[in-house]
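What follows is each chain in one-letter form.
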Amino acid sequence: QVQLVESGGGLVQPGGSLRLSCAASGFTFSNYAMSWYRQAPGAERELVAGIGSTGGSTNYADSVKGRFTISRDNAKNTVYLQMNSLKSEDTAVYYCYTFRQWPRANFWGKGTLVTVSS
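Quantities reported herein were computed from a predicted structural model and do not represent experimental measurements.

Explanation requested: the sheet that holds strand β8 (residues 78-83) in the structure shown.
Whenever strands of a sheet pair, they do so through backbone hydrogen bonds, lying parallel or antiparallel. As summarised here, the arrangement of the four strands in space is β1-β3-β8-β7, forming an open sheet in which the pairing is antiparallel. One side of each edge strand has no neighbouring strand; the edge strands of this open sheet are β1 (3-7) and β7 (68-73). Averaged over all pairs of adjacent strands, the angle between their axes in this sheet comes to 15°, without regard to strand direction. In this structure, β7 lies alongside β8, joined through six bridges in antiparallel fashion. Bridging across to β8, Ser 71 finds its partner in Tyr 80.

And the structure:
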């Protein structure tokens, strides 16, 4: 079955960096677009960044453009989120996500907590 396992979260000071990883299994990773979402306390889950199946296309939320970079290694079945210049408002649980077009299904990881605080 599809599994997405996030890692790399933790406590970091404002201005610091973290790299999140999402290890995927149970499907042909190189055929699927991947995304990172986040959900802050009391807020709705929001898209942070997405990447196409080959890594040739990416998109970002305006709030993270220029600070976050999404990438993938299809040989390792892993997608990454490099987060630089972190701000307190980046504090959230970060989720890895993909979907299957037919039959339609959404797949989520369990999330990894990122806390930005001094």
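Is there a simple way to think about the environment of Gly 10 in this case?
Following the sequence through the fold, Gly 10 ends up in strand β2 (residues 10-12). Residue classification places Gly 10 among the partly exposed residues on the basis of a relative accessible area of 23%. A sequence separation of 106 residues divides Gly 10 from Val 116, and the C-alpha atoms of the two residues are 8.4 Å apart.

Help me out: how do you make sense of the packing of aromatic side chains in this one?
In this description, a pair of aromatic rings is defined by centroid distance and the angle of the planes. Considering all chains together, one arrives at seven aromatic pairs under this definition. Between Tyr 37 and Trp 108, the ring centres sit 5.0 Å apart and the planes meet at 70°, which makes this aromatic pair edge-to-face. Taken together, the positions of Tyr 37 in strand β4 (residues 34-39) and Trp 108 in strand β10 (residues 105-108) put the pair 71 residues apart, joining distant regions of the chain. The partly exposed category is assigned to Trp 108, whose relative accessible area is 36%. Seen in terms of ring centroids, Tyr 95 and Trp 108 are 6.3 Å apart; in terms of plane orientation they differ by 90°. Their pairing is edge-to-face. One end of the pair, Tyr 95, is in strand β9 (residues 92-100); the other, Trp 108, is in strand β10, and 13 residues separate them in sequence. Members of the aromatic cluster, joined through ring pairs, are Tyr 37, Tyr 95, Tyr 97, Phe 99 and Trp 108. Sitting over the face of the ring of Tyr 95, Arg 45 holds its NZ or CZ atom 3.7 Å from the ring centroid. Across the ring face of Phe 29, the terminal group of Arg 72 is positioned such that the distance to the ring centre comes to 4.3 Å.

Even after reading the chapter, I still don't get the pairing of β1, so can you show me in this structure?
The two faces of the sheet receive side chains in turn, since in a regular strand these alternate between them. Burial of the side chains of β1 is restricted to one face: Leu 4 and Glu 6 are buried, whereas none of Gln 3, Val 5 and Ser 7 on the reverse face is. With five bridges connecting them, β1 and strand β3 (residues 18-25) associate as antiparallel partners. Counted as the bridge partner of Val 5 is Ala 23 from β3.

How do you make sense of the pattern of salt bridges when you look at a structure like this?
If charged atoms from side chains of opposite charge come close, those side chains can pair. Enumeration according to the criterion identifies four salt bridges in this entry. We note a salt bridge from Asp 90 to Arg 38, for which the minimum N-O separation is 2.9 Å. With Asp 90 in the loop between β8 and β9 and Arg 38 in strand β4, this residue pair connects regions lying 52 residues apart in the sequence. Neither Asp 90 nor Arg 38 differs from the other in exposure class; each is buried.

What counts, and where the lines are drawn
- Residues numbered from 1 in each chain as written.
- Predicted model: local features only at pLDDT ≥ 70, side-chain atom pairs only at ≥ 80, totals over all residues.
- Heavy atoms only, no water.
- Pairing = 2+ DSSP bridges.
- Helix = DSSP H or I, 4+ residues; strand = E, 2+ residues; numbered from the N terminus.
- Axes fitted to C-alpha atoms, helices over the stretch in contact; angles between N-to-C directions.
- Buried < 20%, exposed > 50% of the residue type's maximum accessible area, 1.4 Å probe, protein only.
- Phe/Tyr/Trp six-rings, centres within 6.5 Å; stacked < 30°, edge-to-face > 60°.
- Lys NZ or Arg CZ within 6 Å of the ring centre and 35° of its normal.
- Salt bridge = Lys/Arg side-chain N within 4 Å of Asp/Glu carboxyl O.

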